[in-house]
Amino acid sequence: MRFGRMLSRFLLFSFALFPVYGGEPLMRVGVGKVNITPSGSIWMAGYASRDKPSEGILLDLYVKALVFENSDGSRSALLTSDVLGLPANVSHRIAENVQAEFGIPRESLMLTSSHTHSGPVLFNNLRDMYDLAPEEARKIQEYTEAFPDKALEAIRLAVANLEPCALEWGIGNAGFGKNRRKYTLEGVTNDFNPIGPVDHDVPMLKVSRADGSVKAVAFGYACHNTTLAIFLLNGDYAGFAQSHVEEKVPGAVALFAMGCGGDINPLPRGTIEQAKEYGRRLGEAVLTVLGNEMDEVSGPLRTAYREIPLALSEPPTRETLEQQAKGPNGVVKRRAERLLKQLDEKGMLDTTYPFPIQVWKFSDTLLVTALGGESVVDYSLRLKYDFGREKQWVVSYANDVCGYIPSLRVLREGGYEGEGSQVYYGHHGPWAPTIEQDILAAVHEMVGK
Ligand SMILES: [Zn+2]
């Protein structure tokens, strides 16, 4: 046993009497877990090609919460969820209720998702993708309306078991995430690009009780949960990874938050065996870090949240929209009809979208940067370059999954993440070329404070 490990064991035993760790008062931490698997058949999120609702369950879906309490009593909550993405309407509802019930302000609530493509649709996420029959739309509405209560219940459970805990940080590695923007003479296509950027880090935060046992492990990975496109509900590789860790570390809750994997896919993909195998590999990466010495994380946790007006490119004319509304493509048609209505009611189309950015700092021991949308991997690499890799957890798909978030490079290259996906999210066109500089300027300002 190395000295550092002996020292941390000593501290773990001693802080039951003296709740101090590394000179700082220990944070109190609680964890909660609530099953969100729909009770019956429901339309599944993420693929426009699905033509029927779910036909059963392969693996249960969960919403999980980690609540941190500073020594002054102020609290923050990290929520993770096995869904494709939380749209603004759902996040706002959760935030209002969390503020009302627990006094946790918006900046101290981080709402994340795993981006599983085998979970239920949440109403308004990928708003124009699905052509739902009234009965299916009603089920989605009901599920979406019940969702904030499940999130609240997870936080309620976590608050109930708040106790002094030691926090530790480490980075593992898993290699199955592959860049999916293949360069061809016809442009960028959705296929393996062996020379495209990736981020194979597995950032993780370990929470230990006073007796040294592991209470929770929160971890991330920058890769789409798109191994599967079946009709059985499941959390894809991230779901299997969480259950792998919970099986191997009895008494611990495992939480997964997506990184900047907008242009990353698990490849090859398509079978349940592959999803389980990627889950096992990610879970093993987490267990390897757990078995090694990790870095101490200490409070207080300070938080910041902002929605910046992210600029869209020039809006289309009414004539263009009227033409699109008559066209054969159902997705384009639904978007055009909705935008024409907006034009009638407001006299103009949106020129910006309120894009959420969140920054959490555990004193100077860990920085968590969280971007909304489906950020491409360039953001992960850039933020790690700017603020260091060793003590930073970069999260995406946080607070509002409102569209793909391309870097300037990806925007210019085009393809699905640069442009083609905008229609599914209801945006009238691509983001403006200022996207990357606007996001980075805001993150820098927030981290600097
Ligand atoms: Zn996606």
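This structure is a prediction, so every number in the text was calculated from the model and none was measured. (Residues numbered from 1 in each chain as written. Predicted model: local features only at pLDDT ≥ 70, side-chain atom pairs only at ≥ 80, totals over all residues. Heavy atoms only, no water.)

## Re the coordination of the zinc ion
Here comes step 1: Note on the zinc ion: its protein donors are H115 (NE2), H224 (NE2), E374 (OE) and Y404 (OH). The metal-donor distances range over 2.0 to 2.5 Å.
Here comes step 2: Classification of the site at the zinc ion as irregular follows from its four donor atoms and the range of 83 to 177 degrees in their angles at the metal.
Here comes step 3: In the primary structure, the donors to the zinc ion are separated according to the pattern H-x108-H-x149-E-x29-Y. Taken together, the residues span a long stretch of sequence, with E374 in strand β19 (residues 374–375) and Y404 in strand β21 (residues 404–405) at a distance of 30 residues. Comparing E374 with Y404, the two get one shared label, buried. (Donors = N, O, S within 2.8 Å, 3.2 Å for Na, K, Ca; no water. Tetrahedral: all angles 85-135°; square planar, octahedral: opposite > 155°, others 65-115°. Helix = DSSP H or I, 4+ residues; strand = E, 2+ residues; numbered from the N terminus. Buried < 20%, exposed > 50% of the residue type's maximum accessible area, 1.4 Å probe, protein only.)

## Describing the nonpolar core
Here comes step 1: Within the largest apolar cluster, 71 residues are counted, with the highest numbers of intra-cluster contacts made by I155, F219, Y237 and L282.
Here comes step 2: The greatest single-element share of this core, amounting to nine residues, is contributed by helix α3 (residues 134–160).
Here comes step 3: Those residues within four positions of I155 in sequence are excluded, and the remaining contacts are A65, V67, A77, L79, V98, F102 and L109. (Core = buried A, V, L, I, M, F, W, Y, C linked by side-chain atoms within 4.5 Å. Contact = heavy atoms within 4.5 Å.)

## Here's the deal with the packing of helix α8 (residues 377–387) against helix α11 (residues 435–448)
Packed helices, taken two at a time, are described by the angle their axes make and the gap between the axes.
Here comes step 1: Closest axis-to-axis distance for the α8/α11 pair is 12 Å, and the angle between their directions is 40 degrees. Where α8 crosses over α11, the handedness of that crossing is right-handed. Contacts between α8 and α11 involve Y379, R382, L383, D386 and F387 from the first element and I435, E436, I439, L440, V443, H444 and V447 from the second.
Here comes step 2: Tallied by class, residues from the contact of α8 with α11 come to eight nonpolar, one polar and three charged. (Axes fitted to C-alpha atoms, helices over the stretch in contact; angles between N-to-C directions. Left-handed = near helix turned anticlockwise from the far one by under 90°. Nonpolar A, V, L, I, M, F, W, Y, C, P; charged D, E, K, R; others polar.)

## Description of the packing of aromatic side chains
Here comes step 1: Going through the model one piece at a time under the given rule, you end up with 13 aromatic pairs.
Here comes step 2: Seen from their ring centres, F176 and Y237 are 5.0 Å apart, and the 75 degrees between their planes marks the pair as edge-to-face. Here the residue F176 occupies a position in the loop between β7 (163–173) and β8 (177–179), and Y237 occupies one in helix α4 (residues 236–248), the gap between them amounting to 61 residues. Assigned by exposure class, F176 and Y237 land together as buried.
Here comes step 3: Members of the aromatic cluster, joined through ring pairs, are F176, F219, Y221, Y237, F256 and Y278.
Here comes step 4: Sitting over the ring of Y62, K33 keeps its end group 4.6 Å from the ring centre.
Here comes step 5: Seen from the ring of F231, R50 lies directly overhead, with NZ or CZ sitting 5.7 Å from the centre. (Phe/Tyr/Trp six-rings, centres within 6.5 Å; stacked < 30°, edge-to-face > 60°. Lys NZ or Arg CZ within 6 Å of the ring centre and 35° of its normal.)

## What to know about the domain arrangement of the protein chain
Here comes step 1: What the domain assignment reports for the protein chain is domain 1 (3–303 + 355–401) and domain 2 (316–349).
Here comes step 2: In this structure, domain 1 and domain 2 have C-alpha centres spaced 35 Å apart.
Here comes step 3: At the interface, five residues of domain 1 touch four residues of domain 2.
Here comes step 4: Of all residues in domain 1, R127, D128 and D131 give up the largest surface area on contact with domain 2, accounting jointly for 83% of the area buried on that side.
Here comes step 5: At the surface where domain 1 touches domain 2, the tally comes to one salt bridge.
Here comes step 6: Taking the shortest distance from any N to any O, the salt bridge between R334 and D131 comes out at 3.8 Å.
Here comes step 7: Our count for the contact surface shared by domain 1 and domain 2 stands at one residue pair in polar contact (both at pLDDT 80 or more). (Domains from an automatic or database assignment. Buried area = accessible area lost by both parts, 1.4 Å probe. Salt bridge = Lys/Arg side-chain N within 4 Å of Asp/Glu carboxyl O. Polar contact = N/O pair within 3.5 Å; in protein donor to acceptor, adjacent residues only side chain to side chain.)

## Some words on the pairing of strand β17 (residues 352–362)
Here comes step 1: With eight of 11 residues buried, β17 is to be regarded as a mostly interior element.
Here comes step 2: Here β17 runs beside strand β18 (residues 366–371); their pairing, made up of six bridges, is antiparallel. Among the inter-strand pairings, K361 is bridged to a residue of β18, identified as L367.
Here comes step 3: The loop that links β17 with its antiparallel partner β18 comprises three residues; one of these, S363, has a positive phi angle of about 40 degrees. (Pairing = 2+ DSSP bridges.)

## Observations regarding the pattern of salt bridges
Side-chain pairing between opposite charges can occur once the charged atoms of the two side chains come close.
Here comes step 1: Tallied over the entire structure, the rule returns 29 salt bridges.
Here comes step 2: E413 serves as the salt-bridge partner of R409, at 3.1 Å between the closest nitrogen and oxygen. In this pair, R409 and E413 are both assigned in helix α9 (residues 408–413), four residues apart and thus about one turn of the helix distant.
Here comes step 3: A relative accessible area of 29% places E413 in the partly exposed class.

## Here's the deal with the side chain of T144
Here comes step 1: Looking at the element boundaries, T144 is found in helix α3.
Here comes step 2: What T144 contacts, discounting residues up to four positions off in sequence, is N89, V90, V121, L122 and F123.

## A closer look at the environment of V423
Here comes step 1: Mapped onto the elements of the fold, V423 is located in the loop between α10 (415–418) and α11.
Here comes step 2: By relative accessible area, which is 12% here, V423 ends up buried.
Here comes step 3: C-alpha of V423 to C-alpha of Y385: the two residues are 38 residues apart in sequence and 32 Å apart in space.
Here comes step 4: Once you skip the residues sitting within four places of it in the chain, V423 turns out to touch D128, V331, V332 and R335.

## Digging into unusual backbone geometry
Here comes step 1: Here the residue pair L267 and P268 is connected by a cis peptide bond, since its omega of -5 degrees sits within 30 degrees of zero.
Here comes step 2: Tracing the sequence through the fold places P268 in the loop between β14 (264–266) and α5 (272–290).
Here comes step 3: Residue P300 follows G299 across a cis peptide bond; omega there is 0 degrees.
Here comes step 4: For H115, which is not a glycine, the phi torsion comes out positive at approximately 65 degrees.
Here comes step 5: Looking at the secondary structure, you find H115 in the loop between β6 (109–111) and α3.
Here comes step 6: Here N124, not a glycine, exhibits a phi torsion of approximately 90 degrees, which is positive.
Here comes step 7: By the secondary structure assignment, N124 is in the loop between β6 and α3.
Here comes step 8: Under the relative-accessibility criterion, N124 is labelled partly exposed at 29%.

## Regarding the side chain of S380
Here comes step 1: Note that S380 resides in helix α8.
Here comes step 2: For S380, a relative accessible area of 2% gives the class buried.
Here comes step 3: Residues in contact with S380, not counting those within four places in the same chain, are D199, C260 and V394.

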